[in-house]
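Report on the structure
Spelled out from the first residue to the last, the chains are:
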Amino acid sequence: MNRQTNLIAVFAALLPLSANAQGYKEVQTYLEQAFSAAIVMTNSDVVTLGVHDFDPNEWFNLSNENIGSQESIELRQQFAVSALPYTIDLSDEDAVHKSQIFMRLSALISRQDVEIYDGIEDDYQRETVAGGYLAYRYQYKANDNWTITPGLGLHLQYFRNDHDYRSDVTKQYFQPFLDGLMFNTSAWAASVEPHIEFKYNEETEWGSWNASSSSHYFYGHGWGDANYGQVGNPEGWYIANGVEAFYNVTRWGKSVQSIYSSLRRIDLGGDSENPFGTHYYYETSVGWLMTPPFKSDWIDNIGIGLNINYGSKLKGGSIVLFFNQD
């Protein structure tokens, strides 16, 4: 996830080499991890980035390096994630066997100053991974509490790097070599993602709670101008286990107000592991939700709250806006 560290490592590997038409393994790995990180980070059930980041140690008078640091907050602030999910139910609401179409448009944008050497002006870089995701899901309602939902999805992603060389050194020595190879270039990737979720839901007098476990695997093929077309094959997996609770507080007209809380553990593997700097981490959220005071096929609920990431390079807290928490 620390793109600056990755870039410096790539520089060190590439500079002793001469350009060739076959591409470089180091650049291929960089691109594979960029696509893989975007697949994970644009799934709001796995990673939550908010509108304002903070160090929980400062807010709650703690001293736990795994829950946040100045470096991790600065890293979180480099990223902006936008995702618009939408589910189309193809079956009746009470059906035992349901078919669903799930869609998501997303964008992951990172902005950073890139330090090459001490004593020279930092370069500036912006990277964007835009994506569209389409999945078919079959939902089986085993009983009043249990549902099993296998699915198969397809990601189409576009990667774009825009690099501004701000010193004479990088313009003279790096730009002729790296432009078109990994800087100021683009690439595409298409990935399939089979997945399955097991979910237990319990309705109570005060609201509801659920426990779920979902497993995802993705494998893709990349192409484009970057690295002489050697973009590689993004591959990885992630497993999300968690519990959620919705406590109904009151009703304002037709709008239901509720307190939302969740706790998840995320396990990672493949190309998705290295960008996060760990093979597992935790996320917890708490917030206020409200259903719309009108009938809507697009909006189930909206809200605001706090989210804390524990144990990854993105450790720290953020103020988040909730959309369609279920």
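Model, not experiment: these values are computed from the prediction.

**Topic: the overall build of the chain**
When you go through the chain residue by residue, the secondary structure sums to five helices and 12 strands. Against the compact-globule benchmark of 20 Å for 326 residues, the chain has a radius of gyration of 21 Å, which places it among compact chains. Across its three principal axes, the chain shows a C-alpha extent of roughly 70 × 45 × 35 Å. Across the 326 residues of the chain, 46% fall into the buried class. Carbon and sulfur atoms make up 55% of the accessible area of the chain, which amounts to about 16,000 Å² in all. In the chain, 20 side chains carry a positive charge and 40 a negative one; their mean positions are 5 Å apart.

**Notes on the pattern of salt bridges**
This structure, assessed with the given rule, holds five salt bridges. Here D162 makes a salt bridge to R160, at a shortest N to O gap of 3.2 Å. Accessibility expressed as a relative area gives 32% for D162, which makes it partly exposed. Note that R166 is salt-bridged to D164, the shortest N-O span being 3.1 Å. A relative accessible area of 35% places D164 in the partly exposed class.

**Some thoughts on the sheet that holds strand β9 (residues 255-270)**
Read across the sheet, 12 strands follow the order β1-β12-β11-β10-β9-β8-β7-β6-β5-β4-β3-β2 without closing on themselves; strand pairing throughout is antiparallel. Looking at strand neighbours, the two that pair on one side only are β1 (52-54) and β2 (79-89), the edges of this open sheet. Averaged over neighbouring strand pairs, the angle between their axes works out to 20° when direction is ignored. As paired elements, β2 and strand β3 (residues 97-114) share 11 bridges and run antiparallel to each other. By the bridge assignment for β3, I88 is matched with I101. Its contacts with the sheet place helix α2 (residues 25-41) against β2, β3, β4 (123-141), β5 (146-164), β6 (185-203), β7 (207-224), β8 (235-252), β9 and β10 (280-290), and it is angled at close to 130° to β5.

**With respect to a negative patch on the surface**
Where like charges cluster on the molecular surface, the negative patch consists of D89, D92, E93 and D94. Within the secondary structure, D89 sits in strand β2. Overall, D89 belongs to the partly exposed group, its relative accessible area being 47%.

**Things to note about the side chain of R137**
Inspection of the secondary structure puts R137 in strand β4. This buried residue, R137, is left without a salt bridge; E193 holds the nearest opposite charge, at 6.1 Å. Within polar-contact distance, the side chain of R137 engages the side chain of H195 at 3.1 Å. Apart from residues lying up to four places away in sequence, R137 is in contact with K98, S99, Q100, F102, T149, P150, G151 and H195.

**Things to note about the pairing of β7**
Two strands pair when backbone bridges link them, and β6 and β7 are joined in this way by 15 bridges, in the antiparallel orientation. Bridging from a neighbouring strand, A187 pairs with G224 of β7. Count of turn residues in the β6/β7 antiparallel hairpin: three residues. With 13 bridges connecting them, β7 and β8 associate as antiparallel partners. Within β8, the position partnered with H216 by the bridge is Y238.

**Details of the pairing of β3**
Bridge count between β3 and β4: 18 bridges; the pairing is antiparallel. Across the sheet, residue R104 finds its bridge partner in β4, namely Y133.

Rules behind the numbers
- Residues numbered from 1 in each chain as written.
- Predicted model: local features only at pLDDT ≥ 70, side-chain atom pairs only at ≥ 80, totals over all residues.
- Heavy atoms only, no water.
- Helix = DSSP H or I, 4+ residues; strand = E, 2+ residues; numbered from the N terminus.
- Rg over C-alpha atoms; globule rule 2.2 N^0.38 Å.
- Buried < 20%, exposed > 50% of the residue type's maximum accessible area, 1.4 Å probe, protein only.
- Areas by Shrake-Rupley, 256 points an atom, 1.4 Å probe, with all protein chains shown as cover.
- Lys, Arg positive; Asp, Glu negative; His and termini not counted.
- Charge placed at Lys NZ, Arg CZ, Asp CG, Glu CD.
- Salt bridge = Lys/Arg side-chain N within 4 Å of Asp/Glu carboxyl O.
- Pairing = 2+ DSSP bridges.
- Axes fitted to C-alpha atoms, helices over the stretch in contact; angles between N-to-C directions.
- Contact = heavy atoms within 4.5 Å.
- Patch = residues over 30% accessible without salt bridge, like charges linked within 9 Å, V, L, I, M, F, W, Y side chains within 5 Å.
- Polar contact = N/O pair within 3.5 Å; in protein donor to acceptor, adjacent residues only side chain to side chain.

So far we have only geometry, and geometry alone does not tell us how the molecule works.
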